[in-house]
Amino acid sequence: MTERLVVIGGDAAGMTAASRARRRRDLVDLEIVAFERGPYTSYSACGIPYFVGDLVSDLGELVARTPEEHRRNGIDVRIAHEVIGIHLDRRRVRVRDLSAAGAGERDEPFDQLVVATGAVPYRPAVPGIDADGVFGVQTLADGVAVRRAIDDRKPRRAVIVGGGYIGLEMAEALVRRGLEVALVDRTEQPMAATLDADMGALVAKSLRAVGVTLHMGEPVEGFDTDGGTVRAVRTTGRTLPADVVILGTGVRPDSRLAGDAGVQIGDSGGIVTDARMETSVEGVWAAGDCVESVDLVTGRRRVVALGTHANKQGRVVGINATGGDVRFPGVIGTAASKICAYEVARSGITEREAGVAGVDVVAATIESTSRAGYFPGGAPITVKVVAERRSGKIVGAQIVGEEGAGKRIDVLATAIWNRMHVEEFANLDLSYAPPFAPVWDPVLVAARKAADML
Ligand SMILES: Cc1cc2nc3c(=O)[nH]c(=O)nc-3n(C[C@H](O)[C@H](O)[C@H](O)COP(=O)(O)OP(=O)(O)OC[C@H]3O[C@@H](n4cnc5c(N)ncnc54)[C@H](O)[C@@H]3O)c2cc1C
């Protein structure tokens, strides 16, 4: 008898799971139906800032696989279809057809279910938050809406609320489009949730260097509107005129549908799964921004909304939901971002997070250059390495610099993942030639300094 796999959410996690399942089981054996409420599937949300900034002008380039391509591949994708309920006892989902010619609501049966509903931008509960011109950014449709507003309304002034990496990448995009950009955040430094304050200060400097005005330590109190359209952002310190506002205030896992159905939700708000990505309900799987993952450094469960995890978790679901047996081991929060010429990257825990978790650490910060000092084109790079004092193991790293700085985090991430001692890391046989690095790569210099501090 043909089994039926239903997927909720047609982006990274959901369609990776569907595609992987399709490769393992043929059409006669397994019917795969994917519901996506938006118009796009398998898109790159990560590319939105570059689309808004016009570095990428063709929207199609951000779509890895269209609904038609998925259908040709044997996956029955239904766009403009929102799943509004999951009935676990009857093994059915309730689906609403959102298309103009839609036929209302109906139930769809499943044998295996994949929840890949992603995340939703956090919207602070302040007056004016729902005004026209205030944009959250999560799906490609959100990105299209922002770009349309820039192209059509030709705004002059933008305010970014929230200095996380999405806010900063959107700031760069709007600077590229010639807008006056201001950034407000209740914390004292940008990227306060993911970087230590000393490294965040370098990011602040980078933002000012590209013309972004910063108003830090100023929570937003509301938005002034005129005829329903945003006109200004009010913080505790000032009123900033704004033709367009981008919310970079973080995201929360979209786990409501699963939670309402009785699937276990963790303290983080994400769906709880085991390492095989199966939820508390047999045959119901979850992956991507809607789930919580094990942090391999602290052992705690938390939501880390990144495309890297969504794709890997989707693959694990696609294999396990079709009879395989693979594991998603966990995360260490490796991420990189670019703001104009500046690259920012991090992995593991920060010095501040170590303090909160009660882990006694040494933290070494060094300044070096990205190439041999005499080689043209080199730029400053700052590397911070955090190591546990007791064991000497590297538990975190942060990098801020220019070209060639960001991807250096990967070698440190590999060390964190493998619980490498900082002394051992300092002796690693890394490559060197003047166009790429000084003879002691900056990551080795930082590790050496941390080893000396132990
Ligand atoms: C601007 C931006 C830049 C980013 N840059 C990076 C980066 O550089 N590196 C990185 O690793 N990550 C990055 N990310 C994060 C990355 O895009 C996400 O982690 C990834 O898209 C998560 O994939 P997902 O499939 O779990 O969720 P999503 O991509 O959010 O997809 C979920 C889908 O489910 C649909 N859906 C939700 N509920 C329902 C329902 N009830 N019925 C039907 N459909 C539903 C939604 O419409 C959506 O299309 C970025 C994100 C943004 C917004």
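Parameters at a glance
Residues numbered from 1 in each chain as written. Predicted model: local features only at pLDDT ≥ 70, side-chain atom pairs only at ≥ 80, totals over all residues. Heavy atoms only, no water. Pairing = 2+ DSSP bridges. Helix = DSSP H or I, 4+ residues; strand = E, 2+ residues; numbered from the N terminus. Axes fitted to C-alpha atoms, helices over the stretch in contact; angles between N-to-C directions. Near = heavy atom within 4 Å. Polar contact = N/O pair within 3.5 Å; in protein donor to acceptor, adjacent residues only side chain to side chain. Areas by Shrake-Rupley, 256 points an atom, 1.4 Å probe, with all protein chains shown as cover. Nonpolar A, V, L, I, M, F, W, Y, C, P; charged D, E, K, R; others polar. Core = buried A, V, L, I, M, F, W, Y, C linked by side-chain atoms within 4.5 Å. Buried < 20%, exposed > 50% of the residue type's maximum accessible area, 1.4 Å probe, protein only. Contact = heavy atoms within 4.5 Å. Phe/Tyr/Trp six-rings, centres within 6.5 Å; stacked < 30°, edge-to-face > 60°. Lys NZ or Arg CZ within 6 Å of the ring centre and 35° of its normal.

1. Structural notes on the sheet that holds strand S1 (residues 3-8)
Strand order in the open sheet formed by five strands is S3-S2-S1-S7-S18, with parallel pairing between adjacent strands. Lying at the two open borders of the sheet, with one neighbouring strand each, are strand S3 (76-79) and strand S18 (284-286). Each strand of the sheet is rotated relative to its neighbour by a mean of 15°, with strand direction disregarded. Pairing geometry for S1 and strand S7 (residues 112-115), over four bridges, is parallel. Considered in S7, the bridge of Leu-5 is made with Gln-112.

2. Quick look at the site of the ligand
Taken together, 32 residues form the shell around the ligand, and within it Asp-11, Glu-36, Tyr-43, Asp-289 and Leu-306 come nearest. For the ligand, an oxygen atom lies 3.3 Å from a polar atom in the backbone of Leu-306. Considered on its own, the ligand offers 990 Å² of accessible surface; in the complex 93% of this is hidden by protein. Sorting the residues of the shell around the ligand by element identifies helix H1 (12-24), strand S2 (30-36), strand S4 (81-87), helix H5 (165-176) and helix H8 (307-320) as the ones contributing at least two each. Each residue belonging to the shell around the ligand can be placed in one class, and the counts come to 18 nonpolar, eight polar and six charged.

3. Remarks on the nonpolar core
Ile-32, Ile-86, Val-93, Leu-113, Val-114, Val-115 and Ile-271 are the most contacted members of the largest nonpolar core, which has 46 residues in total. Setting aside anything within four residues of it in sequence, one finds Val-115 in contact with Ile-8, Ile-86, Ala-258, Ile-271, Val-284, Trp-285, Ala-286, Ala-287 and Cys-290. Of all hydrophobic cores here, the second largest spans 38 residues; its members include Ile-48, Phe-135, Leu-174 and Met-191.

4. Topic: the packing of aromatic side chains
In total, this model carries zero aromatic pairs according to the counting rule given. Across the ring face of Phe-51, the terminal group of Arg-147 is positioned such that the distance to the ring centre comes to 4.7 Å. In this structure, Arg-448 packs its charged tip against the face of Trp-440, placed 4.1 Å from the ring centre.

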